[in-house]
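The chain contents come next:
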Amino acid sequence: TTDATGRCSLTSPLMPNSKTAVTFTVKSVQYGTLPYVATANHDPDGDSNGTAIIAHPPLFRSSAASSGTITESSAISALGGQINSTAPIFNLGDDRANKQYRAILSFNTSPLPDTAVITKATLSLTRQTTIGPGDPLQLLGGLVIDVRNGYFGPTVNVEAVDFQAPASLSGTGPYSPTPSLGIYTINLSSSALGSINKLSTNGGLTQLRLRMRLDSNNNLAANYIAFYSSYATAAYRPKLTITYYIP
């Protein structure tokens, strides 16, 4: 039954978490003598034709306003230095001075229901290019992700201190995803799920800090992967897909 706006909601216990999409199909509509016109009930985002709608887990794209790359101030200092928060790419690895790159990705996850039980979180990154010989993921021990409920530093903006600021959960991983057509898919560890922000507090943000497990391979040569950032075309931006249920 629809409400005054013509909308209805549906809850089913028969949709397993393993499903990446579910299709709902309208088979019968009754309202007096009025006909149902499917073409008049399409969805503007393209996942419905008025007869069937495809439901996916919520997908969040990273926010450009509070994402960026931070370069270590000097080799082995473990302190943040130069910031780049407006480039269409971000780097992960090290530069030719053996300084580590770290990236901050911000996602507004506050639309999640407050009572949601999160069962899976998947980060998708699209590679722009790779610099240096070999695979930086292998050379530098894999990808490590720190999770922050809210934001790392004193403000929502990317700052040098975010490089080393405390996380809600540090050191998930290391992950060594195999790219498919340049896309790296990382399923966050189950321990990270409890640090995802479902509320409007702390700006409604969940921030991820990405880094390689080793700060450098000390070869005085740049070894890094450049990924499309929050300033890239929407299709290439970092994405966080979250699967959950309501108990």
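Draft legend 1. Representation of the pairing of strand β13 (residues 223-228). Among the six residues that make up β13, five are buried, leaving the element largely enclosed by the rest of the structure. The pairing of strand β6 (residues 89-94) with β13 spans six bridges and is antiparallel. From the neighbouring strand, Phe 90 faces β13, where its bridge partner is Phe 227.

Draft legend 2. A look at the confidence of the model for the protein chain. Taken residue by residue, the protein chain gives an average pLDDT of 86. The fraction at 70 or more is 77%. Confidence, expressed as mean pLDDT per element, reaches its minimum in the protein chain at strand β2 (residues 52-55) with 56 and its maximum at strand β9 (residues 143-149) with 97.

Draft legend 3. Spatial organisation of the environment of Val 161. Inspection of the secondary structure assignment puts Val 161 in the loop between β9 and β10 (169-175). Residue classification places Val 161 among the partly exposed positions, given a relative accessible area of 32%. In sequence terms Val 161 and Gly 81 are 80 residues apart; their C-alpha atoms lie 8.2 Å from each other. Look past the residues within four positions of Val 161 in its chain and what remains in contact with it is Gly 153 and Pro 154.

Draft legend 4. Fine view of the environment of Asn 223. For Asn 223, the location among the structural elements is in strand β13. Under the relative-accessibility criterion, Asn 223 is labelled buried at 0%. Non-local contacts of Asn 223, meaning those with residues more than four positions away in its chain, are made with Leu 92, Gly 93, Asp 94, Ile 131, Gly 132, Pro 133, Pro 136, Leu 139, Leu 140 and Asn 217.

Draft legend 5. The arrangement of the packing of aromatic side chains in detail. Under the definition given, this model contains four aromatic pairs. The interplanar angle of 85° and the centroid separation of 5.3 Å between the aromatic rings of Tyr 184 and Phe 227 together place this pair among those described as edge-to-face. Placement of Tyr 184 in strand β11 (residues 183-187) and of Phe 227 in strand β13 is noted, with a sequence separation of 43 residues between them. For the pair Tyr 184 and Phe 227, a shared accessibility class is recorded, and that class is buried. Three or more aromatic residues joined by ring pairs make a cluster, and in this case those are Phe 90, Tyr 184 and Phe 227. Above the face of the Phe 163 ring, Arg 102 is positioned so that its terminal group lies 4.2 Å from the ring centre.

Draft legend 6. Molecular detail of the pairing of strand β12 (residues 205-212). Of all the eight residues making up β12, eight are buried; the element is thus mostly covered by neighbouring parts of the structure. Side-chain alternation along β12 places Leu 205, Gln 207, Arg 209 and Arg 211 on one buried face and Thr 206, Leu 208, Leu 210 and Met 212 on a second face that is also buried. In the sheet, strand β7 (residues 100-108) pairs with β12 via six bridges, with the strands oriented antiparallel. Across the sheet, residue Leu 105 finds its bridge partner in β12, namely Leu 208.

Draft legend 7. Representation of the pattern of salt bridges. In the structure shown here, the tally under the stated rule is two salt bridges. Note that Arg 209 is salt-bridged to Asp 146, the shortest N-O span being 2.9 Å. Taken together, the positions of Arg 209 in strand β12 and Asp 146 in strand β9 put the pair 63 residues apart, joining distant regions of the chain. Asp 146 sits in the buried class, given a relative accessible area of 1%. Among the salt bridges present, the one from Arg 211 reaches Asp 146, with a minimum N-O distance of 2.9 Å. Here Arg 211, found in strand β12, pairs with Asp 146, found in strand β9; they are 65 residues apart in sequence, far enough to count as distant. Just as Arg 211 is buried, Asp 146 falls in that class too. If you follow the salt bridges from partner to partner, you end up with Asp 146, Arg 209 and Arg 211 in one network.

Draft legend 8. Here's a closer look at the nonpolar core. Ranked by size, the top nonpolar core spans 30 residues in total, and within it Leu 123, Leu 125, Ile 145, Ile 186, Leu 188 and Leu 210 carry the most contacts. For this core, the secondary-structure elements that each account for two or more residues are β6, β7, β8 (117-131), β9, β11, β12, β13 and β14 (239-245). No other element matches the four residues that β8 contributes to this core. Contacts of Leu 188, omitting those with residues within four sequence positions, involve Ala 121, Ile 145, Tyr 175, Leu 208 and Leu 240. By size, the runner-up hydrophobic cluster in this structure holds seven residues, among which are Ile 70, Val 158, Phe 163 and Ala 165.

Rules used in this analysis
Residues numbered from 1 in each chain as written. Predicted model: local features only at pLDDT ≥ 70, side-chain atom pairs only at ≥ 80, totals over all residues. Heavy atoms only, no water. Buried < 20%, exposed > 50% of the residue type's maximum accessible area, 1.4 Å probe, protein only. Helix = DSSP H or I, 4+ residues; strand = E, 2+ residues; numbered from the N terminus. Pairing = 2+ DSSP bridges. pLDDT = per-residue confidence, 0-100. Contact = heavy atoms within 4.5 Å. Phe/Tyr/Trp six-rings, centres within 6.5 Å; stacked < 30°, edge-to-face > 60°. Lys NZ or Arg CZ within 6 Å of the ring centre and 35° of its normal. Salt bridge = Lys/Arg side-chain N within 4 Å of Asp/Glu carboxyl O. Core = buried A, V, L, I, M, F, W, Y, C linked by side-chain atoms within 4.5 Å.

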